[in-house]
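# Examining the three-dimensional arrangement
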Amino acid sequence: MLSTEFLEAVVGAAERMRSPVILNLAEVHLKYVGMEVIAAAILRRAQTSSVPITLNLDHGLTFDTVVRAVRCGFTSVMFDGSHLPYEENIAQTREITRMCHAVGVSVEAELGAVGGSEGGELMGTIDTAMFTDPAQAEDFVKRTRIDALAVAIGNAHGKYRGVPKLDFARLDDIRAKAGVPLVLHGGSGIPDEDFRKAVALGIAKINFFTGMAQAAIDTLRSAVTSGDVDLKYNAFPDIMLQVQESVAGVVAGQMTIFGSAGKA
Ligand SMILES: [Zn+2]
């Protein structure tokens, strides 16, 4: 959630589609929006929403940021220790789950490495050597006591080079061994049919950002360059409203594809 336009776009779409929704705030986005400010706005909006809304810290990088998120009322956190050596990832993730579970906050962690980086390079690269190992996933979940596991099965952040190929056999194996709900990061640009298959094979949460940001940029570009809008100062709020509507349209479409529409 980068702004109240995005907040209203996503929650509005969720209400229209009767879909529950998880609102992510990524640690790398904290330079654009204050955690305390946007968390207060999201929690207020959630109180008046007609569908279930939860607030998740995405790619929390340190214990300190996770504590701050818990204090702000986040209902879940994702701790990303995927760049760490395996034993260090376990040690840090376990410390996070101990603290979060004490106050009823659930924890997602990542094993293997999803291509690209959240908020990082534009084109995520995919390295099959970094895919999640099913046997290691089983060990990781047991020892960290996480509630959800983010998997690397050919998915990447940002825009894909060509059409991504997800390793479904691996996903099926991870699901059987990990025993917790699985999370797919890099949810923009995967074919609709593959999303449905991934959900059927245990993906319970899909992180989707790039598609929303692209819709926002496309709308801004056409508003500014089409010549239809007189670009005086008072055009700004109307253009932002158009941005909100275009993002809401993309989100509503994804809720239908993901199968969350009609579940709330
Ligand atoms: Zn991610």
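Refer to the preceding data block for the structure.
Predicted model, so just to flag it, every value in this text is computed and none were measured. (Residues numbered from 1 in each chain as written. Predicted model: local features only at pLDDT ≥ 70, side-chain atom pairs only at ≥ 80, totals over all residues. Heavy atoms only, no water.)

On a plain count of helices and strands, the chain comes out with nine helices and seven strands. Computed over C-alpha atoms, the radius of gyration of the chain comes to 18 Å, within 12% of the 18 Å expected from 2.2 N^0.38 for 264 residues, which places it in the range of a compact globule. Reported as C-alpha extents along the three principal axes, the dimensions of the chain are approximately 60 × 40 × 35 Å. Evaluated residue by residue, the chain yields a buried proportion of 48% over its 264 residues. At a minimum sequence separation of 6, the contacts of the chain that also span at least 24 residues come to 70%. (Helix = DSSP H or I, 4+ residues; strand = E, 2+ residues; numbered from the N terminus. Rg over C-alpha atoms; globule rule 2.2 N^0.38 Å. Buried < 20%, exposed > 50% of the residue type's maximum accessible area, 1.4 Å probe, protein only. Contact = heavy atoms within 4.5 Å.)

Inside soluble globular proteins, nonpolar side chains tend to come together where they are buried. Core analysis: the biggest nonpolar cluster contains 68 residues, and Leu23, Phe74, Val77, Leu149 and Leu171 have the highest contact counts within it. Among the elements that line this core, the one with the most residues is helix α9 (residues 236-258), at eight residues. When neighbours within four sequence positions are excluded, Phe74 is seen to be in contact with Leu25, Met35, Ala39, Leu55, Asn56, Leu57, Ala69 and Val105. (Core = buried A, V, L, I, M, F, W, Y, C linked by side-chain atoms within 4.5 Å.)

Once that is clear, we can look at the coordination of the zinc ion. Coordination of the zinc ion by the protein involves His59 (NE2), His157 (NE2) and His185 (ND1), with metal-donor separations of 2.0 to 2.1 Å. One chain supplies every donor for the zinc ion, spaced along it as H-x97-H-x27-H. With His59 in strand β2 (residues 53-60) and His157 in the loop between β5 (148-151) and α6 (168-178), this pair connects stretches of sequence that are 98 residues apart. Residues His59 and His157 agree in their burial class; the two are buried. (Donors = N, O, S within 2.8 Å, 3.2 Å for Na, K, Ca; no water.)

Take helix α4 (residues 86-102) next. Relative to the 24 Å expected for 17 residues at 1.5 Å per residue, α4 spans 24 Å between its end C-alpha atoms, a close match to the ideal helical length. For α4, every residue scored as buried is listed here: Asn89, Ile90, Thr93, Ile96, Thr97 and Cys100. For α4, the arc enclosing every buried residue in end-on projection is 135°, short of the 170-degree limit, so these residues lie on one face. More than 90 degrees from the buried face of α4, the exposed residues found are Arg98 and Ala102. With its phi angle positive at about 75°, Gly104 sits one or two positions after the end of α4. (Expected span 1.5 Å × (residues − 1). Arc of directions from axis to C-beta.)

This next bit is on the packing of helix α7 (residues 192-200) against α9. Contact pair α7 / α9: the axes reach a minimum separation of 9 Å and the direction vectors enclose 50°. Between α7 and α9, the angle falls in the class oblique. Residues Asp192, Phe195, Arg196 and Val199 of α7 pack against Gln254, Ile257 and Phe258 of α9. Here the contact of α7 with α9 is built from residues that sort into four nonpolar, one polar and two charged. (Axes fitted to C-alpha atoms, helices over the stretch in contact; angles between N-to-C directions. Parallel < 35°, antiparallel > 145°, perpendicular 65-115°, else oblique. Nonpolar A, V, L, I, M, F, W, Y, C, P; charged D, E, K, R; others polar.)

One open sheet holds the seven strands; their spatial order is β1-β2-β3-β4-β5-β6-β7, and the pairing between them is parallel. Every interior strand has two partners, whereas the edge strands, β1 (21-26) and β7 (203-206), have only one. Adjacent strand axes in the sheet meet at a mean angle of 30°, parallel and antiparallel pairs treated alike. (Pairing = 2+ DSSP bridges.)

Let's shift gears to the pairing of β1. Among the six residues in β1, five count as buried, and that is most of the element. As judged from the six bridges shared by β1 and β2, these two strands associate in the parallel manner. Paired with Ala26 across the two strands is Asp58, which belongs to β2. Viewed along the sheet, the connection from β1 through helix α2 (residues 35-47) into β2 turns out right-handed. (Right-handed = clockwise from strand over helix to strand, strands pointing away.)

Here strand β6 (residues 182-184) runs beside β7; their pairing, made up of three bridges, is parallel. Within β7, the position partnered with Leu184 by the bridge is Ile206. Handedness of the β6-α7-β7 crossover: right-handed.

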